[in-house]
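# A closer look at the structure
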Amino acid sequence: MQESIHETAVWDRVTAAARNAAEKPAAPGPIGPELLSALERLQEIRQQYLSLRNRTGGELRQSMQEVLRRNQALIRTLSALTFYLTGRRPALTPASPAGTTREPAAESIRRLLREEELSMGRLESLAARSTGETRETLLLLSRQCRQQFQALLTLLGRALEP
């Protein structure tokens, strides 16, 4: 229940940010702490990807490996951008052994789709508050999250097949 409330609150903030961005451009400002938060969230998503990959097999597992590779590229780029803007090296958590869960693969993928959508919104919101190359890089990362979303949607279709 608490997770549902948390997701709802995050979603409300993301949609509100998108509405505000459409109404008026946000003033550029320091975004380092929010970049760090986005980076931490991408790392949490990576752990969920690892868990799902370990519970799948065959073609679905190979597809999850590609999604993981793209996620790692996103994390590297966002880490570099965070270091560039803050001057502090972000603390990246090493991939720990993913726990097991009894959640069906289709439900896990569905949850990850929501996470990717939230990540897109966060990055777009940060881009709206940035300028120059930082803005362009954040928009590029948002597009890469969109690609992840599309890949996961395809995986969800495969997971639903009998």
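All of the points below concern the structure found in this document. (Residues numbered from 1 in each chain as written. Predicted model: local features only at pLDDT ≥ 70, side-chain atom pairs only at ≥ 80, totals over all residues. Heavy atoms only, no water.)

## Remarks on the overall build of the protein
The condition is simple: Each helix is a run of H or I in the DSSP string that is no shorter than four residues. Each strand is a run of E no shorter than two, and both are numbered from the N terminus. Throughout this description, buried means an accessible area under 20% of the type-specific maximum (1.4 Å probe, protein chains only), exposed means over 50%, and partly exposed covers the range between. Residue contacts are defined here by distance: any two heavy atoms, one from each residue, within 4.5 Å place the two residues in contact. In short, Shrake-Rupley with a 1.4 Å probe defines the accessible areas, and a residue's cover is counted only from the protein chains shown.
Counting secondary structure elements, the protein contains five helices and zero strands. Along the chain direction, N to C, the helices and strands of the protein fall in the order α-α-α-α-α. For the protein, buried positions account for 36% of its 162 residues. Residue pairs at least 24 apart in sequence account for 80% of intrachain contacts in the protein once pairs closer than 6 positions are excluded. For the protein, the accessible surface area stands at approximately 9,600 Å², while carbon and sulfur atoms represent 54% of it.

## Focus on empty space enclosed by the protein
Our working rule: In the cavity and pocket records, a cavity denotes points on a 1 Å grid over the protein atoms alone where a 1.4 Å probe fits but cannot get out, a pocket denotes an open set with protein on both sides within 12 Å along at least 5 of 7 lines, and lining residues are residues with an atom within 4 Å of a point. Grid points are joined across faces, edges and corners, and a volume is the space filled by probe spheres set on the points. In this count, Pro and Cys sit with the nonpolar residues alongside Ala, Val, Leu, Ile, Met, Phe, Trp and Tyr, while Asp, Glu, Lys and Arg are called charged and the others, Gly among them, polar.
Evaluated as defined, the whole model comprises one cavity of 30 Å³ or more. Of the voids in this model, the largest cavity is the one considered here, and its volume is about 40 Å³. Lining the largest cavity are Ala38, Arg41, Leu42, Leu78, Ser119, Arg122 and Leu123. For the lining of the largest cavity, the elements supplying multiple residues, two or more each, are α2 (32–54) and α4 (105–128). Of the residues contributing to the lining of the largest cavity, the split by class is four nonpolar, one polar and two charged.

## Focus on the pattern of salt bridges
Any two side chains of opposite charge can pair, on the condition that their charged atoms come close. What counts is decided by this rule: Salt bridges are identified by distance alone: a Lys or Arg side-chain nitrogen within 4 Å of an Asp or Glu carboxyl oxygen.
In total, this model carries nine salt bridges according to the counting rule given. With a shortest N-O distance of 1.9 Å, Glu44 and Arg41 are connected by a salt bridge. One end of the pair, Glu44, and the other, Arg41, are both in helix α2, three residues apart, so they sit about a helical turn from each other. The class for Arg41 is buried, based on a relative accessible area of 17%. Between Glu107 and Arg110 there is a salt bridge, with the nearest N and O atoms lying 3.5 Å from each other.

## A word on the environment of Leu74
Here Leu74 is to be found in helix α3 (residues 58–86). Leu74 sits in the buried class, given a relative accessible area of 1%. Residues Leu74 and Leu141, spaced 67 residues apart in sequence, show a C-alpha to C-alpha distance of 6.6 Å. Each residue touching Leu74, except ones within four places of it in the same chain, is listed here: Leu42, Leu141, Gln144, Cys145 and Gln148.

## Thoughts on the nonpolar core
To keep things clear, this is the line we draw: Side-chain atoms within 4.5 Å are what join buried Ala, Val, Leu, Ile, Met, Phe, Trp, Tyr and Cys residues into a set we call a nonpolar core.
If you look at the biggest cluster of nonpolar residues, it comprises 32 residues, and the most contacted ones within it are Leu35, Tyr49, Leu78, Ile109, Leu138, Leu152 and Leu155. Elements with a contribution of two residues or more to this core: α2, α3, α4 and α5 (132–160). Not counting chain neighbours up to four residues away, the residues in contact with Leu35 comprise Leu78, Leu81, Thr82, Leu85, Leu126 and Leu138.

## With respect to the packing of α4 against α5
Each packed pair of helices is defined by two parameters, the angle between the axes and the distance between the axes. Defined as follows: In this analysis an axis means a line fitted to C-alpha atoms, helices contributing only their contacting stretch, and an angle means the value between N-to-C directions, from 0 to 180 degrees. Roughly parallel means an angle under 35 degrees; roughly antiparallel means over 145; roughly perpendicular covers 65 to 115; every other angle is labelled oblique. For any helix crossing, the convention is left-handed if the near helix is rotated counterclockwise from the far helix by under a right angle, and right-handed if that rotation is clockwise.
Packing of α4 against α5 brings their axes to within 9 Å, and their N-to-C directions diverge by 165°. The angle between α4 and α5 falls in the class roughly antiparallel. As α4 runs across α5, the sense of the crossing is left-handed. Of the residues belonging to the contact of α4 with α5, the class tally is 20 nonpolar, three polar and six charged.

## Here we look at the environment of Glu107
With respect to the helices and strands, the residue Glu107 is situated in helix α4. Residue Glu107 is classed as partly exposed on the basis of its relative accessible area, which comes to 35%. For the pair Glu107 and Ala159, spaced 52 residues apart in sequence, the C-alpha to C-alpha distance is 9.4 Å.

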